[in-house]
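Architecture and fold: a report
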Amino acid sequence: MTLKFDPIMGRYVHVTLQGRQHRVYFEEAGQGIPLLCLHTAGADGRQFRHMMTDSAITDHFRVIAFDLPWHGKSTPPDGWQDEAYCLTTDAYIEAIRTVRDALDLKKPVTLGCSIGGRIVLSLAMRHGEEFTALIGLDSAAYQTGWYDSSWLHRPDVHGGEICAGIVSGLIAPQSPTVNRWDTLWQYMQSGPGVFKGDIYFYRVDSDLRAELAKIDTRVCPLYLMTGEYDFSCTPEDTMQTAERVWGAEVIVMKDIGHFAMSENPLQFRRYLLPLLEKIRAKCSL
Amino acid sequence: MSKDGAFASSLAGVVERLPELVNGDVPLVRRGEFLTADFMIEVGSRAHYVAIVNGRIATLVPGPLLMRSWSFAIRGSEDAWRQFWRPLPPPHFHDIFALAKRGEFRIEGDFRPLMTNLLYFKALLAAPRALKREAHQ
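Described in the following lines is the structure provided in the data block. (Residues numbered from 1 in each chain as written. Chains lettered and ligands numbered in written order. Predicted model: local features only at pLDDT ≥ 70, side-chain atom pairs only at ≥ 80, totals over all residues. Heavy atoms only, no water.)

This paragraph deals with empty space enclosed by the protein. Residues and elements named next belong to chain A. Within this structure, the stated rule accounts for two cavities of 30 Å³ or more. For the largest cavity, the calculated volume is near 170 Å³. Broken down by element, the lining of the largest cavity gets its largest block of residues, four residues, from helix α7 (residues 194-203). Taken as a whole, the second largest cavity holds about 50 Å³ of empty space. Around the second largest cavity sit Leu 152, Gly 159, Gly 160, Cys 163, Tyr 187, Ser 190, Gly 191, Pro 192, Gly 193, Val 194, Phe 195 and Lys 196, which together line it. Mapped by element, the contributors of at least two residues to the lining of the second largest cavity are α5 (159-168) and α7. For the lining of the second largest cavity, the class distribution of residues is six nonpolar, five polar and one charged. (1 Å grid on protein atoms, 1.4 Å probe; cavity = no way out; pocket = protein on both sides within 12 Å on 5 of 7 lines; lining within 4 Å. Points joined across faces, edges and corners; volume = space filled by probe spheres on them. Helix = DSSP H or I, 4+ residues; strand = E, 2+ residues; numbered from the N terminus. Nonpolar A, V, L, I, M, F, W, Y, C, P; charged D, E, K, R; others polar.)

What follows deals with the layout of surface pockets. In this structure, the largest pocket spans a volume of roughly 1,100 Å³. Taken together, 41 residues line the largest pocket, and the ones lying closest to its centre are Trp 181 of chain A together with Arg 31, Leu 119, Lys 122 and Ala 123 of chain B. Listed by contribution, the elements that provide at least two residues to the lining of the largest pocket are α5 and α6 (177-188) of chain A together with α3 (26-31), α6 (112-116) and α7 (118-126) of chain B. The element best represented in the lining of the largest pocket is α7 of chain B, accounting for six residues. The residue makeup of the lining of the largest pocket, split by class, is 23 nonpolar, eight polar and ten charged. Around the second largest pocket, the lining is made up of 23 residues, and of these Tyr 85, His 153, Pro 192, Gly 193 and Val 194 of chain A lie nearest the centre. For the lining of the second largest pocket, the class distribution of residues is eleven nonpolar, nine polar and three charged.

Residue and element names in this part refer to chain A. As summarised here, the arrangement of the eight strands in space is β1-β2-β4-β3-β5-β6-β7-β8, forming an open sheet in which the pairing is mixed. In this open sheet, the two strands that pair with only one neighbour each are β1 (9-17) and β8 (249-253). Here the average twist between neighbouring strands, direction ignored, is 20°. Across four bridges, the pairing between strand β2 (residues 20-29) and strand β4 (residues 61-66) is antiparallel. Bridged to Ala 29 within β4 is Val 63. Across the sheet, helix α3 (residues 89-102) is in contact with β1, β2, β3 (33-38) and β4; its angle to β1 comes to roughly 120°. Packing against the sheet, helix α8 (residues 235-242) makes contact with β7 (222-227) and β8, and its axis sits at approximately 165° to β7. (Pairing = 2+ DSSP bridges. Axes fitted to C-alpha atoms, helices over the stretch in contact; angles between N-to-C directions. Contact = heavy atoms within 4.5 Å.)

Purely geometric stuff here, so don't read any function into it on its own.
Dropping the structure here:
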């Protein structure tokens, strides 16, 4: 019998973040231009497994996804039991740059979704010269809240069930049932309070509307891809952001919600592959 | 009956199909097995009172009813519900919170039963999408 293995390899790397030791889990597949992927709030790097098993991508790109501290298989720092997890812009940027350097990724293309889509805007503002291209999925400088995040972490509500229930509506109705529930399963597995701690970053600590002029797309190209069914970061939110960033390109994805790479990988690749090809062509100039 | 009246009547008919749609869905009933709660659905000006016992719809009673209590209510215009119940709803009409964000739905009352059983209630409320009736196509 021939066994089927995914070409994905996972390891842990030990790094110092916020002055404390962290054991960070990452997975990777493929070879070529480094493509660093940033997962959504309350989830982990598994969201990118379809990209890592797509030879049209991995023949040309080394796809790497790490789990933020507290997420997935990355362990929270010692003493976590007495803390309330809370992601900040500075901590998020430090984690991305530290992991990138630890894995010796030279000027990676970086693709982030949701909170990852927000942080790529900050990366573009502060460190654009360190990246070959930045891709924000469901990316906007700001978006209006639509639920009370205190429901996400309280003892009388099951954390996994409520996190999945909240985000379930962000998946497009066209997305395949298997992929929908695979996406929700990851939310159901998130640690208590982690999604809520990420939402602090999203809602409170990263209103970037006043800073968009700092982005220079001549230093680092910026591509913003948003699903038409995403009502958290709507296509209009993304377009309003792009209008204030000269040279930013917007792609609105049909039949897709908030979790493009995870909820409907086949539909997503219709938009992603031409973009990666374009980036690859620029790299070879 | 006027065209509008027939339309509203057919939407009420959709609501009244909820017990068979929900109680015949074994995984959905299992998802709600620890849920016993009363809530209210309002489609336009028509209210329906729904009593859930252990994940099954025990009663669904059209209003108006005097002095009937409920834990939470979900209210929307006829058009908003019609869009929501289309087999393939358009963007931002596909989820109760999407509609609430747009101001098309109002969710009021005690949110605890809803939030503790959110996947259940979302599936219950979307169940009429399985119906291919003229009223919501």
